[in-house]
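The chain contents come next:
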Amino acid sequence: MEQIRKGLFRIPIPVPFPMKYIYCYLAIGQQGIVMIDAGFNYKDAQEAWKQAFTELRIQPKDIEVIYLTHFHPDHFGLSGWMQEWTGAPVYISEADMAMVDRAWRNGDVQAKLVGQMGKENGVPELLAEQIVEHMLKLHDHVLPLPELRPMTMTEVRLGDELWQVIPTPGHSDGHRCFYQSENRLLLAGDHILDKITPNISLWPGGRSNPLEDYVQSLEQTAALDISLALPAHGKLIDNIPQRVSQLLEHHQQRLEQMRGLVRQGRTAYEVASDVFRHKELTPHQWRFAMAETLAHLECLAFQGRLNKSQDGQLNIYTQANPDEMFL
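Rules of the game
- Residues numbered from 1 in each chain as written.
- Predicted model: local features only at pLDDT ≥ 70, side-chain atom pairs only at ≥ 80, totals over all residues.
- Heavy atoms only, no water.
- Helix = DSSP H or I, 4+ residues; strand = E, 2+ residues; numbered from the N terminus.
- Buried < 20%, exposed > 50% of the residue type's maximum accessible area, 1.4 Å probe, protein only.
- Contact = heavy atoms within 4.5 Å.
- Salt bridge = Lys/Arg side-chain N within 4 Å of Asp/Glu carboxyl O.
- Pairing = 2+ DSSP bridges.
- Axes fitted to C-alpha atoms, helices over the stretch in contact; angles between N-to-C directions.
- Disulfide = S-S within 2.5 Å.
- Phe/Tyr/Trp six-rings, centres within 6.5 Å; stacked < 30°, edge-to-face > 60°.
- Expected span 1.5 Å × (residues − 1).
- Arc of directions from axis to C-beta.

**Student:** Is there a simple way to explain the overall build of the chain in this structure?
**Tutor:** Helices and strands together make up the secondary structure of the chain, namely 10 helices and 14 strands. Counting the 327 residues in the chain, one finds 55% classified as buried. Intrachain contacts of the chain at a sequence separation of at least 6 include 65% that bridge at least 24 residues.

Put into structure tokens, the structure is as follows:
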């Protein structure tokens, strides 16, 4: 646990994934304590929160409100358990509230849609079924579902200070960051991470060009006066313009790489197999590899640099201008 400044604490909550932790935040003020993100619902995470409360000498009833940066299970999953424990209201953006309904409240509907999306883009039948099975197993780690309220406000009180609520779509349609202009702090969620790049993915029912959304969000973030970003994974970030530049460059290179791999017509699965050929991917990782590949291919199609057609039940991407020079 790390104290960022007076009244603001960074809490490492374990997750059963290679990243090891999600960093949630507690803002302690005279009017109560605010929690930003809750973690992934399993025993180790619950025990970590109990230990953090003990170390900080706070009681569950001291939690005034819980804000979620987005709906992904490592941020959202423990919020229902936390709401039952503390009695606090839970807020999330309207866009991600809709994704909670789609992904977590409606049984296996979204998992099957993701499996179908995979098959339509070249994923072998067996792998598509494994992807669906893995998604269904995640349901146990988001229950009980909280009673959600829409985060429609433009600013919120964290501790004793007002922070702006900044829409940053890309990593999720309704991702939100929190910005304190006087102290030049950004609670970044998964919008900006160091060492790793946030996954930008195309999902059934989501926005049609999430990579373009993300690029615009990054440019908006770079325009803010930020001395320190507090992300949900990895170390603190003290040079936002540099990190934004690196992330933009990464995605530009990935776009050019995928455009080159398409050649005269390939499926997203074939492109992903080339891009990630150096890794032995699990079904869980394949789900994100496919969704990320589709986000880039669809962005290229929106730019008019790829054409998308159907060959039977398969979506095929081809270069729109094969003679175009790479940037």
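**Student:** Can you help me understand the pattern of salt bridges in this one?
**Tutor:** Charged atoms that come close allow side chains of opposite charge to pair. Going through the model one piece at a time under the given rule, you end up with 14 salt bridges. Glutamate 256 is the partner of arginine 305 in a salt bridge, and the nearest nitrogen-oxygen pair spans 3.0 Å. Here arginine 305 is found in the loop between helix 10 (283-302) and strand 13 (306-311), whereas its partner glutamate 256 is found in helix 8 (residues 240-262), with 49 residues between them in sequence. Note on accessibility: arginine 305 and glutamate 256 belong to one class, buried.

**Student:** Explain helix 3 (residues 79-86) here, please?
**Tutor:** In an α-helix, one turn spans 3.6 residues; hence positions three or four apart end up facing the same way. Across the 8 residues of helix 3, 6 count as buried, placing the element largely inside the fold. Along its buried surface, helix 3 packs onto strand 4 (32-36), helix 1 (43-56), strand 5 (63-67), helix 2 (73-76) and strand 6 (90-92). Backbone geometry just after helix 3 places glycine 87 at a positive phi near 80 degrees.

**Student:** I would appreciate a short explanation of the sheet that holds strand 7 (residues 148-150) in the present structure.
**Tutor:** Paired through backbone hydrogen bonds, the strands of a sheet run either parallel or antiparallel to each other. Across the sheet, 7 strands lie side by side as 1-2-3-4-5-6-7; this open sheet has mixed pairing. The open sheet has two edge strands with one neighbour each: strand 1 (2-5) and strand 7. Averaged over all pairs of adjacent strands, the angle between strand axes in this sheet comes to 30 degrees, irrespective of strand direction. Inspection of the sheet shows strand 1 paired to strand 2 (residues 8-14) by 3 bridges, in the antiparallel sense.

**Student:** Which parts of the structure should I look at to understand the environment of isoleucine 166?
**Tutor:** You can see isoleucine 166 is positioned in strand 9 (residues 161-167). Relative accessible area serves as the criterion here: at 7%, isoleucine 166 is assigned to the buried category.

**Student:** Whenever I open this one, unusual backbone geometry confuses me. Can you help?
**Tutor:** Glycine aside, the phi torsion of most residues is negative, and most peptide linkages are trans. Backbone torsion omega between leucine 143 and proline 144 reads 0 degrees, so that peptide bond is classified as cis. Within the fold, proline 144 resides in the loop between helix 6 (125-138) and strand 7. Phi is positive for lysine 20, close to 75 degrees, though the residue is something other than glycine. What makes lysine 20 exposed here is its relative accessible area of 57%. Residue arginine 184 is not a glycine yet carries a positive backbone phi of 60 degrees. Within the fold, arginine 184 resides in the loop between strand 10 (176-180) and strand 11 (185-189).

**Student:** Looking at this model, I keep getting lost on the state of the cysteines. Mind explaining?
**Tutor:** Cysteine pairs can be covalently joined through their sulfur atoms, and such a bond is termed a disulfide. Summed over the entire model, instances satisfying the criterion amount to 0 disulfides. The thiol of cysteine 24 is unpaired, and the distance to the nearest cysteine sulfur, on cysteine 177, comes to 15 Å.

**Student:** Help me understand the environment of histidine 141, please; the structure alone is not making it clear to me.
**Tutor:** Tracing the backbone shows histidine 141 in the loop between helix 6 and strand 7. The sequence separation of histidine 141 and glutamate 2 amounts to 139 residues, and the corresponding C-alpha distance is 26 Å.

**Student:** Would you explain the sheet that holds strand 8 (residues 155-158) in this entry?
**Tutor:** Taken in spatial order, the 5 strands of this open sheet run 8-9-10-11-12, and their pairing is mixed. In this open sheet, the two edge strands, each paired with only one partner strand, are strand 8 and strand 12 (228-231). The mean angle between the axes of side-by-side strands here comes to 30 degrees, regardless of whether they run parallel or antiparallel. Sheet analysis places strand 11 next to strand 12, joined by 4 bridges and oriented parallel.

**Student:** Just to check I follow, could you spell out the packing of aromatic side chains for this structure?
**Tutor:** In this description, a pair of aromatic rings is defined by centroid distance and the angle of the planes. Applying the stated criterion across every chain yields a total of 10 aromatic pairs. For the pair tyrosine 67 and tyrosine 91, a centre-to-centre distance of 5.7 Å together with 50 degrees between the ring planes defines the contact as tilted. Placement of tyrosine 67 in strand 5 and of tyrosine 91 in strand 6 is noted, with a sequence separation of 24 residues between them. Ring centres of tyrosine 269 and tryptophan 286 lie 5.0 Å apart, and the angle between their planes is 35 degrees; on these two criteria the pair is classed as tilted. Of this pair, tyrosine 269 sits in helix 9 (residues 268-275) while tryptophan 286 sits in helix 10, and the two are 17 residues apart along the sequence. For tryptophan 286, a relative accessible area of 13% puts it in the buried group. Ring-pair connections join several aromatic residues into one group, and the members of that group are Trp49, Phe53, Trp81 and Trp85.

**Student:** I would appreciate a short explanation of helix 5 (residues 109-120) in the present structure.
**Tutor:** For helix 5, with 12 residues, the first-to-last C-alpha span of 16 Å sits near the 16 Å given by 1.5 Å per residue. Every buried residue belonging to helix 5 is among Gln110, Ala111, Val114, Gly115, Met117 and Gly118, and all of these are buried. Angular distribution of buried residues about the axis of helix 5 spans 160 degrees; they occupy a single face of the element. Phi for glycine 122, located one or two positions after helix 5, is positive at around 100 degrees.

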